[in-house]
Amino acid sequence: MFSNDFTTPPKNNSEVVKQVLNTLIYTIKRKSNEGKAVSMINSLLQDLEEDHEFLHYIKIKDTRLKEDNNIVDVQSDIDEVVPTEVGKALNNVIYITSRYLGKRDGYFLIKEFQQ
């Protein structure tokens with residue numbers, strides 16, 4: 001019935017991490033501002049680095065005073081990490097962020113990921 005000719009190419013860890021973190025920063029930024037969003041995600045990544053050492057491959061930049069809009073920088077070394085481990089770390093980041101945002105804004109965070 002369906003053709004197997006069309007398949008979506010798999011995304012590597014760095015692409016997934018970048019997309020998830022950009023979505024989180026965008027959502028937090030709407031509630032407060034970019035500085036607070038960058039600071040919160042940076043702090044959260046540092047805290048979780050103890051359990052997920054590969055998180056040091058991720059850098060979040062404050063771009064408010066720069067022309068560069070590339071807030072999330074993910075080194076390609078993270079692509080060598082087992083994807084399930086990256087998924088666990090992202091799950092922790094999303095969970096903690098949604099708790100911070102509260103019930104209403106946490107709901108909108110989930111909606112952002114669905115889009």
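Up top you'll find the structure we're talking about.
First, a word on what this report is: a plain description of the structure on this page. (Residues numbered from 1 in each chain as written. Predicted model: local features only at pLDDT ≥ 70, side-chain atom pairs only at ≥ 80, totals over all residues. Heavy atoms only, no water.)

1. Describing the overall build of the chain
Phase 1: Helix and strand counts for the chain come out as 3 helices and 2 strands.
Phase 2: Walking the chain from its N terminus toward its C terminus, one meets helices and strands in the order α-α-β-β-α.
Phase 3: Counting across all 115 residues of the chain, residues that qualify as buried make up 36%.
Phase 4: In the chain, of all internal contacts separated by at least 6 residues, the share reaching a separation of at least 24 is 63%.
Phase 5: Of the roughly 7900 Å² of accessible surface on the chain, 49% is carried by carbon and sulfur atoms. (Helix = DSSP H or I, 4+ residues; strand = E, 2+ residues; numbered from the N terminus. Buried < 20%, exposed > 50% of the residue type's maximum accessible area, 1.4 Å probe, protein only. Contact = heavy atoms within 4.5 Å. Areas by Shrake-Rupley, 256 points an atom, 1.4 Å probe, with all protein chains shown as cover.)

2. Concerning the pattern of salt bridges
Phase 1: Tallied over the full model, the rule gives 1 salt bridge.
Phase 2: With a shortest N-O distance of 3.3 Å, Lys-88 and Glu-85 are connected by a salt bridge. Residue Lys-88 and its partner Glu-85 are located together in helix H3 (residues 83–114), separated by 3 residues, close to a single helical turn.
Phase 3: Looking at Lys-88, the relative accessible area reads 46%, which means it is partly exposed. (Salt bridge = Lys/Arg side-chain N within 4 Å of Asp/Glu carboxyl O.)

3. Describing the nonpolar core
Phase 1: One finds Leu-21, Ile-58, Ile-60 and Ile-78 to be the most contacted residues of the largest nonpolar core, which totals 28 residues.
Phase 2: For this core, the secondary-structure elements that each account for two or more residues are helix H1 (13–31), helix H2 (34–48), strand E1 (58–60), strand E2 (72–74) and H3.
Phase 3: Here this core takes 7 residues from H2, the largest share from any one element.
Phase 4: If we ignore the near neighbours within four places in the chain, the residues touching Leu-21 are Ile-41, Leu-45, Ile-58, Ile-60, Val-72 and Val-93. (Core = buried A, V, L, I, M, F, W, Y, C linked by side-chain atoms within 4.5 Å.)

4. Some points on H1
Phase 1: For H1, built from 19 residues, the straight-helix expectation of 27 Å at 1.5 Å per residue is met to within 8% by its first-to-last C-alpha distance of 27 Å.
Phase 2: Restricting attention to buried positions, one finds in H1 the residues Asn-13, Ser-14, Val-17, Val-20, Leu-21, Thr-23, Leu-24, Ile-25, Thr-27 and Ile-28. (Expected span 1.5 Å × (residues − 1).)

5. Let's talk about the environment of Lys-59
Phase 1: Relative to the elements of secondary structure, Lys-59 occurs in strand E1.
Phase 2: For Lys-59, a relative accessible area of 41% corresponds to the partly exposed category.
Phase 3: Considering only alpha carbons, one finds Lys-59 and Asn-42, 17 residues apart in sequence, at a separation of 7.7 Å.
Phase 4: What Lys-59 contacts, discounting residues up to four positions off in sequence, is Ile-71, Val-72 and Asp-73.
Phase 5: Reaching out from Lys-59, the side chain makes a polar contact with the backbone oxygen of His-56 at a distance of 3.0 Å. (Polar contact = N/O pair within 3.5 Å; in protein donor to acceptor, adjacent residues only side chain to side chain.)

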